[in-house]
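Results of the structural survey
Below, each chain spelled out in residue letters.
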Amino acid sequence: CPCPLPRGDCSLSRLLRRLLSARRSLEICLFAFSSPQLGRAVQLLHRRGVRVRVVTDAQYMGLRGSQIGLLRHAGIQVRHDQENGYMHHKFAIVDRRMLITGSLNWTTQAIQTNRENVLVVEDAEYVKPFLDEFERIWEEYNPIHYRFFP
């Protein structure tokens, strides 16, 4: 990260700390997720008994390096869009109280190279609309609604 952080801290370690603070639930809504470090953190939370749900973009999840297949293989619930256009959100909600959002796709390139922003908020006034949006999309992307033939 070109912006200096105190105590030699880096943006990835700050994001990991916030994610790993989850005790009950983690909702993730991401266009791109290929960072192995973030993938391992999400799997660790799942193994600890945290309820993890992921919503992602159908076109991106199949690309080489995507963590989505590994998350599914680990038993994590994943849903994806089935429409034209992208599921382009980039946010996570920790324990229904902490919102992590911004321009950051959870990819190694974005973390190491790109100019990105991440905002962490623990104010219910801001968390609730994102949680509501996650729940709306989660239901919309329920596989029982998928159409396989036009």
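Coordinates for the structure precede this section.
Residues numbered from 1 in each chain as written. Predicted model: local features only at pLDDT ≥ 70, side-chain atom pairs only at ≥ 80, totals over all residues. Heavy atoms only, no water.

The element strand β2 (residues 51-56) is extensively covered by neighbouring structure, given that 5 of its 6 residues are classed as buried. Sheet analysis places strand β1 (residues 25-30) next to β2, joined by 6 bridges and oriented parallel. From the neighbouring strand, leucine 26 faces β2, where its bridge partner is valine 52. Each parallel crossover has a hand, and the one from β1 via helix α2 (residues 36-47) to β2 is right-handed. Pairing of β2 with strand β3 (residues 77-80) involves 4 bridges; the strand directions are parallel. Each bridged residue has a counterpart across the sheet, and for threonine 56 the counterpart in β3 is histidine 80. (Buried < 20%, exposed > 50% of the residue type's maximum accessible area, 1.4 Å probe, protein only. Helix = DSSP H or I, 4+ residues; strand = E, 2+ residues; numbered from the N terminus. Pairing = 2+ DSSP bridges. Right-handed = clockwise from strand over helix to strand, strands pointing away.)

Here we take up the environment of glutamate 133. Among the secondary structure elements, glutamate 133 is positioned in helix α6 (residues 124-140). In the structure, glutamate 133 is positioned 104 residues away from cysteine 29 in sequence and 9.6 Å away in space, judged by C-alpha atoms. Side-chain polar atoms of glutamate 133 contact the side chain of arginine 136, separated by 3.0 Å. (Polar contact = N/O pair within 3.5 Å; in protein donor to acceptor, adjacent residues only side chain to side chain.)

With mixed pairing, 6 strands are arranged side by side in an open sheet as β3-β2-β1-β4-β5-β6. Sheet topology places β3 and β6 (118-121) at the edges, where each strand pairs with a single neighbour. Neighbour to neighbour, the strand axes of the sheet diverge by 10 degrees on average, direction disregarded. Contacts between helix α1 (residues 11-20) and the sheet are confined to β1, β4 (90-94), β5 (98-102) and β6, with β5 contributing the most and set at about 145 degrees to the helix. (Axes fitted to C-alpha atoms, helices over the stretch in contact; angles between N-to-C directions. Contact = heavy atoms within 4.5 Å.)

By the element assignment, leucine 71 lies in helix α4 (residues 68-73). Among the residues examined, leucine 71 registers a relative accessible area of 0% and is labelled buried. The contact partners of leucine 71, leaving out residues within four places of it in the chain, are Phe33, Gly39, Val42, Gln43, Val54 and Ile76.

Okay, the packing of aromatic side chains next. Across all of its chains, the model carries 5 aromatic pairs by this definition. Look at phenylalanine 31 and tyrosine 60: their rings are 5.5 Å apart centre to centre, the planes differ by 45 degrees, and that puts the pair in the tilted class. In this pair, phenylalanine 31 is assigned in the loop between β1 and α2 and tyrosine 60 in helix α3 (residues 58-61), connecting sequence segments 29 residues apart. On the numbers, 5.1 Å between centres and 75 degrees between planes, the contact of phenylalanine 91 with phenylalanine 130 is edge-to-face. Separated by 39 residues along the polypeptide, phenylalanine 91 in strand β4 and phenylalanine 130 in helix α6 bring together distant segments of the chain. For phenylalanine 91, a relative accessible area of 1% translates into the label buried. Accessibility expressed as a relative area gives 27% for phenylalanine 130, which makes it partly exposed. Every member of this aromatic cluster is reached through a ring pair, and the members are Phe31, Tyr60 and Tyr86. (Phe/Tyr/Trp six-rings, centres within 6.5 Å; stacked < 30°, edge-to-face > 60°.)

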